[in-house]
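Remarks on the overall topology
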Amino acid sequence: MEIGLVGLGKMGFNIAQNMLDKGYKVIATDTNADTVNDIASKGAKGAASLEELAGAFTGRRAVILLVPAGKIVDQVISELKTHLTEGDIIIDAGNSMYKDTLRRYEELKADGIHLVDVGTSGGTEGARYGICAMMGGDEDAVNYLAPMYESISVKDGFMITGRAGSGHFLKMVHNGIEYGMMQAIGEGFEILDKSDFDYDYEAVAKVWNNGSVIRSWLMELMINAFSKQPNLEDIRGVMNSSGEGIWTVEAALDFQASAPVIALSQFMRFRSLEDDTFHGKVVAALRNEFGGHAVVKK
Ligand SMILES: O=C(O)[C@H](O)[C@@H](O)[C@H](O)[C@H](O)COP(=O)(O)O
């Protein structure tokens, strides 16, 4: 089976290697010619453009996109589709917003091209040795891709989720859960850190990861992080976010689902980007006005 890949970043490069390991013919392109040469040296066919990539197939074209969510996905699709024919498949394996996916699905359907959405999880290590994949789309296209995707996923880490959009929707909710879990872990360590007890955080993460209710991959990653820096002394508590948490909260609002933990974990990410806040000033000023409570001056 031939499989195209657009985007050889951290995830794309590793997924390409994973597919090569499983014996698939990978045709790959990226705007960075060096990474194209790198993957070609590992056995893929490098392509200098989307046209060259599409032209290198001998049969049905299935092309995975692993490019940043948003406008770039639209740009790649609008060029790529001019080189595809009816029945071909575009697989958006990035973290696209599911409503964008539904729109793109309809647009491509008009040209007879299938859009399959795959929520891809497991980080860069997973991409290389076994991902978790959540795939939505037309039955014919999904069935064509399923054996390949199953082979690059961990055991039981591949799911056909239903109609188009359902893969990205499921991945979005997964990320919302991820936000909440990470926030709870962070808060737990914050309480330990503020307490009068003197804990070795690596040892704490280790004991919690063995037999406890909260054992998990995230806790395993905490052990790794604390083993490198016992108090995370070189890291500032700035928690960036790529948008999936916001979309999960928007979906909760759309469907009137109660999701306070996920919502608050997204707000905490915003809060972490600011050294001081206007709302903090407002509350401090109000306390001062009604109760004469001291304010902390700049
Ligand atoms: O399942 C995964 O492998 C992760 O969820 C991953 O896809 C995540 O989207 C990024 O690591 C950044 O996420 P944020 O920038 O939103 O924290």
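None of the values given here were measured: they were computed from a predicted structure.

1. Quick look at the nonpolar core
One finds Ile3, Met19, Ile64, Ile91, Val116, Leu145 and Tyr149 to be the most contacted residues of the largest nonpolar core, which totals 34 residues. Counting residues per element, this core draws most heavily on helix α7 (residues 139-152), which supplies 7 residues. Look past the residues within four positions of Val116 in its chain and what remains in contact with it is Ile89, Ile90, Ile91, Asp92, Met135, Gly136, Ala141, Val142 and Leu145.

2. Topic: a nonpolar patch on the surface
On the surface, Val238, Ile246, Leu264, Phe267, Phe270 and Leu273 cluster together to form a nonpolar patch covering roughly 520 Å² of accessible area. Per-element tally for the nonpolar patch: the top contributor is helix α12 (residues 260-272), with 3 residues.

3. Topic: unusual backbone geometry
Here the phi dihedral of Asp156 falls at roughly 65°; this positive angle occurs in a residue that is not glycine. Among the structural elements, Asp156 can be located in strand β8 (residues 153-162). Non-glycine residue Leu232 carries a positive phi angle of around 50°. As for its placement among the helices and strands, Leu232 is situated in the loop between α10 (217-228) and α11 (244-254). Its relative accessible area of 27% is what places Leu232 among the partly exposed residues.

4. A short note on the domain arrangement of the protein
By the assigned domains, the protein splits into domain 1 (2-164) and domain 2 (171-274). Of the residues lining the interface, 10 residues belong to domain 1; the matching set on domain 2 comes to 10 residues. The three residues of domain 1 that bury the most area against domain 2 are Asn95, Met97 and Tyr98, which together make up 55% of that side's buried surface. At the junction of domain 1 with domain 2, the criterion picks out 1 salt bridge. Taking the shortest distance from any N to any O, the salt bridge between Asp254 and Lys99 comes out at 3.0 Å. Linking domain 1 to domain 2 there are 3 residue pairs in polar contact (both at pLDDT 80 or more). When residues of the side of domain 1 that touches domain 2 are traced back to their parent elements, those giving at least two are α5 (98-109) and β6 (114-121). Tallying contributions element by element places β6 first for the side of domain 1 that touches domain 2, with 3 residues. Class assignment of the residues belonging to the side of domain 1 that touches domain 2 gives a composition of 3 nonpolar, 6 polar and 1 charged.

5. Comments concerning the site of the ligand
Every residue near the ligand is listed here: Asn95, Ser121, Gly122, Gly123, Lys171, His174, Asn175, Glu178, Tyr179, Ser241, Ser242 and Arg269. Note that an oxygen atom of the ligand is positioned 2.8 Å from one of the side-chain N or O atoms of Asn95. Contact distances for the ligand include 2.8 Å between an oxygen atom and a side-chain N or O atom of Ser242. Burial of the ligand by the surrounding chains reaches 72%, relative to a free accessible area of 420 Å². With 5 residues, helix α8 (residues 166-194) is the single largest residue contributor to the shell around the ligand. Among the residues forming the shell around the ligand, the class breakdown is 1 nonpolar, 8 polar and 3 charged. Formed jointly, the shell around the ligand draws a minimum of three residues from each of two domains, domain 1 (2-164) and domain 2 (171-274).

6. Description of the UniProt feature "domain: 6-phosphogluconate dehydrogenase C-terminal" (unreviewed entry) in the protein
Mapped onto this numbering, the UniProt entry gives "domain: 6-phosphogluconate dehydrogenase C-terminal" (unreviewed entry) at residues 167-294. Here residues 167-294 runs as 67% helix and 0% strand, with 52 Å between its end C-alpha atoms.

7. A short note on the side chain of Gln183
By the secondary structure assignment, Gln183 is in helix α8. On the basis of relative accessibility, which here comes to 13%, the residue Gln183 falls in the buried class.

Parameters at a glance
- Residues numbered from 1 in each chain as written.
- Predicted model: local features only at pLDDT ≥ 70, side-chain atom pairs only at ≥ 80, totals over all residues.
- Heavy atoms only, no water.
- Core = buried A, V, L, I, M, F, W, Y, C linked by side-chain atoms within 4.5 Å.
- Buried < 20%, exposed > 50% of the residue type's maximum accessible area, 1.4 Å probe, protein only.
- Helix = DSSP H or I, 4+ residues; strand = E, 2+ residues; numbered from the N terminus.
- Contact = heavy atoms within 4.5 Å.
- Patch = residues over 30% accessible without salt bridge, like charges linked within 9 Å, V, L, I, M, F, W, Y side chains within 5 Å.
- Areas by Shrake-Rupley, 256 points an atom, 1.4 Å probe, with all protein chains shown as cover.
- Salt bridge = Lys/Arg side-chain N within 4 Å of Asp/Glu carboxyl O.
- Domains from an automatic or database assignment.
- Buried area = accessible area lost by both parts, 1.4 Å probe.
- Polar contact = N/O pair within 3.5 Å; in protein donor to acceptor, adjacent residues only side chain to side chain.
- Nonpolar A, V, L, I, M, F, W, Y, C, P; charged D, E, K, R; others polar.
- Near = heavy atom within 4 Å.
- UniProt positions renumbered as here; feature names shortened; annotations may be inferred.

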